[in-house]
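Okay, here's what each chain looks like letter by letter:
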Amino acid sequence: MIDGGVDSTRGSLADKDDPLATVTLALFALLATTPPARPSAEQVLRTQCRTWASEPKNPWALAHGIALDGRGFKARDGRPAANVIVSDFLRREGSGPQADLRFEPFASDGTPIEPHPNLQVKTLLLAGHPLSKSFQTSGGPVTLGALVEDLQRDFRRESALSPHGAWTLDALSQVLPPGATFTNGAGEPIRFDAVMDEALALLEREQAELLAGMKAGLPQVPKRKQGIYAHPCGGMHLFQAVATHARHPSVRKAWGTRLDTQVDILFYRLGSESRQYDAALTSAPPEYRLPVLIQMVKFHGHFLEALGRYREETGWKPTPAQTRSVEQARALLDGAVRRLDASGAFRDMASLKSTRPQLYLDLIGDACHAAHGLAYWR
């Protein structure tokens, strides 16, 4: 070697006498041979939700994106999703403070706007928008507070306590404290505590068959669209509406253990319904496997979301056995998502939109709810 030169045989990664070089070579070899980590079920669902719920011509889908990502969720055209929903789809009849403000259930082409009354107002409230939040519409600015006032004017007890009333109850629960009263457009005084007492009683009636099965130790109660199964999403939104009112200590005290029993029924449903989904998946012809897998995502995702929200809002602490059941629900949801992903359903959305539109919508809404549910239990 010439003095002052560089010895090319020293400091090389190939120098077997250099421990650091040996470790580095081993690391490079490992990285070269290790396949990239598989995305988690939550990551798959989040991607699905954010990709397909951002359609500015589908306000129902936008609402589900907001349910997952909150106020920051944007439509594909760059506008805040909340602005798109109100500015593009709110309809106003009349003028002044008594004007009727409403969202149609569906657009003329069948696109869902607000298939469940007050879904949009409930979504905006849960996202944390203040009542003073103002939205620009073709008829002028409209505040979220004005939408809530319109909801109260349109309130009818029989509608709020119907299978599609959970979103109305949930929205009002966000803004009305215990003891609150208001007068609807028919001049009827509404005592909100009494309404929510009736909502809890409704939940109890609709889950009575499940309670009987739980007490009898039955492995399952068959789903026949009876009771709670006549409600959208298996009545999970009714549970959420009732449970959010229980965030107030005075309500929990008044209800005693009644809501605890409804929570126990949810955990019983986990075993009961999972057995039925497994049996259906095993026996279903190929064309029915996709709906069964989507139903599994719907149930387990809503289960995790409902209990996660209940824990966050009330401070409820699951028992060790309940915690294990939550972990089981996460595993079952993960398995269903893996199978859906392997089937190509998430990649075939454009085709499903035209050939099986309800499954297309389910794969959007249920992905958003399930991702949200998983986020509660990380």
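Residues numbered from 1 in each chain as written. Predicted model: local features only at pLDDT ≥ 70, side-chain atom pairs only at ≥ 80, totals over all residues. Heavy atoms only, no water.

A.B. asks: Which parts of the structure should I look at to understand the overall build of the chain?
C.D. replies: Across its full length, the chain holds 17 helices and six strands. For the chain, the C-alpha atoms occupy an extent of roughly 100 × 60 × 45 Å along the three principal directions. Across the 378 residues that make up the chain, the buried fraction comes to 48%. Taking as baseline every contact in the chain between residues at least 6 positions apart, the subset at least 24 positions apart corresponds to 65%. Working note: accessible area of the chain is about 18200 Å², and carbon and sulfur atoms make up 55% of it. Across the chain, the 43 positively charged side chains and the 41 negatively charged ones have centroids separated by 2 Å. (Helix = DSSP H or I, 4+ residues; strand = E, 2+ residues; numbered from the N terminus. Buried < 20%, exposed > 50% of the residue type's maximum accessible area, 1.4 Å probe, protein only. Contact = heavy atoms within 4.5 Å. Areas by Shrake-Rupley, 256 points an atom, 1.4 Å probe, with all protein chains shown as cover. Lys, Arg positive; Asp, Glu negative; His and termini not counted. Charge placed at Lys NZ, Arg CZ, Asp CG, Glu CD.)

A.B. asks: It is not clear to me how the packing of helix α2 (residues 41-52) against helix α3 (residues 59-69) should be interpreted in this structure. Could you clarify?
C.D. replies: Each pair of packed helices can be described by the angle between their axes along with the distance between the axes. Their axes nearest at 9 Å, the elements α2 and α3 cross at an angle of 140 degrees. Taken together, the axis directions place α2 and α3 in an arrangement best described as oblique. You can see that α2 and α3 cross each other, and the crossing is left-handed. Only Ala 61, His 64, Gly 65, Leu 68 and Asp 69 of α3 make contact with α2, whose side of the interface consists of Arg 46, Cys 49, Arg 50 and Trp 52. Considered class by class, the residues forming the contact of α2 with α3 number four nonpolar, two polar and three charged. (Axes fitted to C-alpha atoms, helices over the stretch in contact; angles between N-to-C directions. Parallel < 35°, antiparallel > 145°, perpendicular 65-115°, else oblique. Left-handed = near helix turned anticlockwise from the far one by under 90°. Nonpolar A, V, L, I, M, F, W, Y, C, P; charged D, E, K, R; others polar.)

A.B. asks: Before we go on, may I ask you to explain the side chain of Gln 322 in this structure?
C.D. replies: Looking at the element boundaries, Gln 322 is found in helix α15 (residues 320-343). Beyond its immediate sequence surroundings of up to four residues, Gln 322 is in contact with Val 263, Asp 264, Phe 267, Trp 316 and Lys 317.

A.B. asks: Explanation requested: the side chain of His 129 in the structure shown.
C.D. replies: Within the fold, His 129 resides in the loop between α5 (119-126) and β3 (134-137). Once you skip the residues sitting within four places of it in the chain, His 129 turns out to touch Arg 71, Ala 82, Leu 124 and Leu 144.

A.B. asks: Explain the state of the cysteines here, please?
C.D. replies: Counted by the stated rule, this structure contains one disulfide. In this model Cys 49 forms its disulfide with Cys 368; the gap between the sulfur atoms is 2.0 Å. Given an S-S torsion of about 95 degrees, the disulfide between Cys 49 and Cys 368 has right-handed geometry. Placement of the pair is Cys 49 in helix α2 and Cys 368 in helix α17 (residues 357-376), with a sequence separation of 319 residues. Under the relative-accessibility criterion, Cys 368 is labelled buried at 1%. Residue Cys 233 stays outside any disulfide, its sulfur separated by 12 Å from that of Cys 368, the closest cysteine. The partly exposed category is assigned to Cys 233, whose relative accessible area is 23%. (Disulfide = S-S within 2.5 Å.)

A.B. asks: What is the right way to look at the pattern of salt bridges in this model?
C.D. replies: Here the structure, examined in full by the defined rule, presents 23 salt bridges. Between Arg 79 and Asp 88 there is a salt bridge; the shortest N-O distance is 3.0 Å. The partly exposed category is assigned to Asp 88, whose relative accessible area is 31%. Between Glu 93 and Arg 102 there is a salt bridge whose closest N-O contact spans 2.3 Å. Judged by relative accessible area, Glu 93 falls into the partly exposed class, the value being 43%. Arg 102 sits in the partly exposed class, given a relative accessible area of 27%. (Salt bridge = Lys/Arg side-chain N within 4 Å of Asp/Glu carboxyl O.)

A.B. asks: How should I be thinking about the environment of Ala 199 in this particular structure?
C.D. replies: For Ala 199, the location among the structural elements is in helix α9 (residues 192-206). When the C-alpha positions of Ala 199 and Gly 65 are compared, they lie 27 Å apart, and in sequence the two are 134 residues distant. The residues contacting Ala 199, other than those within four sequence positions of it, are Leu 161, Leu 169, Leu 238 and Val 242.

A.B. asks: Just to check I follow, could you spell out the nonpolar core for this structure?
C.D. replies: Side chains of nonpolar character tend, in soluble globular proteins, to be buried together. With 110 residues, the main nonpolar core has Leu 45, Leu 169, Phe 239, Leu 259, Phe 303 and Leu 340 as its most contacted residues. Ranked by the residues each element gives to this core, the list is headed by helix α14 (residues 286-314), at 12 residues. If we ignore the near neighbours within four places in the chain, the residues touching Leu 45 are Val 297, Val 337, Phe 346, Ala 367, Ala 370, Ala 371 and Leu 374. (Core = buried A, V, L, I, M, F, W, Y, C linked by side-chain atoms within 4.5 Å.)

A.B. asks: Sorry if this is basic, but what is going on with the pairing of strand β4 (residues 140-143) here?
C.D. replies: In terms of strand pairing, β3 meets β4 through four bridges, oriented antiparallel. Among the inter-strand pairings, Gln 136 is bridged to a residue of β4, identified as Pro 141. Here β3 folds back onto β4, and the loop between the two strands holds two residues. (Pairing = 2+ DSSP bridges.)

A.B. asks: Teacher, can you tell me more about unusual backbone geometry here?
C.D. replies: It is generally the case that most residues other than glycine have a negative phi and that most peptide bonds are trans. We note that Lys 225 has phi near 60 degrees; this positive angle belongs to a residue other than glycine. Relative to the helices and strands, Lys 225 resides in the loop between α10 (208-216) and α11 (236-245). Taking relative accessible area as the criterion, Lys 225 reaches 71% and is therefore assigned exposed. The backbone of Cys 233 sits at a positive phi, close to 55 degrees, despite the residue not being glycine.

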